[in-house]
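Next come the chains, spelled out residue by residue.
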Amino acid sequence: MSAVTDAVWRGCVIPDDLLYDVGMNVWVRPEGDLVVLGMTDIAQTMGGRMVQITWRRLGKAFARGRSLATIESAKWVGPFPTPLTGELVASNENAFAEDIAVANRDPYGAGWIARLRPERFAEERVHLVDGHAAMQQYRKFMDEHDIHCYRCAE
């Protein structure tokens, strides 16, 4: 991440080069015919330190809004929803097996959650916003809920 292109508010980082479904707290990075998905800095802060992830089966098709994994953290248990319809082609299960808090430390890099082959990217792209628009929405949310992001140190 570069300080020049990443927006930061209350310690929360929103990289400009990603797309976001703010309501789902998921970021999207297109890579060829695939997309990489992960939780935002705000999401990892609200959930707290992760303790377990239950992964879904690779090769399965998922509709927009369906869960690609179940995340259990210190404060929360819930789904990791996909903002796009498509086939789950990879998960970051090995990285999380080695370091369950990888997304708490590096939510936009080593802490990615899934790779998906989207089926309706052009249609569903309307649900995604760029980093600037995401930060505008998140600033209001963070101010209303007094959220300050942090990263796990250990």
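Here is what the cut-offs are and how they apply
- Think of each chain on its own: its residues are numbered from 1, step by step along the sequence as written.
- The predicted origin of the model limits local features to residues at a pLDDT of at least 70 and limits the giving and counting of side-chain atom pairs to 80 or more, whereas totals for whole chains, interfaces and linings rest on all residues.
- For the side-chain quantities, the full set of heavy atoms in the structure was used; hydrogens and water were omitted.
- One requirement defines pairing of two strands: DSSP has to find at least two bridges between them.
- Note on conventions: DSSP H or I runs of at least 4 residues are helices, E runs of at least 2 residues are strands, and numbering of each starts at the N terminus.
- Note on aromatic contacts: the rings of Phe and Tyr and the six-membered ring of Trp form a pair at centre separations within 6.5 Å, being stacked when their planes are under 30 degrees apart, edge-to-face when over 60 apart, and tilted otherwise.
- The buried label goes to any residue with under 20% of its type's maximum accessible area, the exposed label to any with over 50%, and the partly exposed label to all in between, with areas taken from a 1.4 Å probe on protein chains only.
- We count a charge as sitting over a ring when the NZ of a lysine or the CZ of an arginine lies within 6 Å of the ring centre and within 35 degrees of the ring normal.
- Take a side-chain nitrogen of Lys or Arg and a carboxyl oxygen of Asp or Glu: if they are within 4 Å of each other, that pair is a salt bridge.

A. Representation of the sheet that holds strand 7 (residues 61-62). Taken together, seven strands build an open sheet; the order of strands is 7-10-11-5-4-3-12 and the sheet is antiparallel. The open sheet is flanked by strand 7 and strand 12 (129-130), the only strands paired with a single partner. Relative to strand 4 (residues 26-31), strand 3 (residues 19-21) runs antiparallel, the two sharing three bridges. Following the sheet pairing, Asp-21 is matched in strand 4 by Val-26.

B. The arrangement of the packing of aromatic side chains in detail. In this structure the tally under the stated criterion is two aromatic pairs. When the centroid spacing of 6.1 Å and the interplanar angle of 50° are considered together, the rings of Trp-27 and Tyr-108 count as tilted. Of this pair, Trp-27 sits in strand 4 while Tyr-108 is found in the loop between helix 3 (102-105) and strand 11 (114-118), placing the two residues 81 residues apart along the sequence. For the pair shown, Trp-27 and Tyr-108 are each scored as buried. Note that Arg-115 overlies the ring of Trp-112, its terminal NZ or CZ placed 4.5 Å from the centroid.

C. Molecular detail of the pattern of salt bridges. Counted according to the given criterion, the structure contains eight salt bridges. Across the pair Arg-117 and Glu-87 runs a salt bridge, and its minimum N-O distance is 3.4 Å. In this pair, Arg-117 is assigned in strand 11 and Glu-87 in strand 10 (residues 86-91), connecting sequence segments 30 residues apart. Each of Arg-29, Glu-31 and Arg-115 takes part in one network of salt bridges that share partners.

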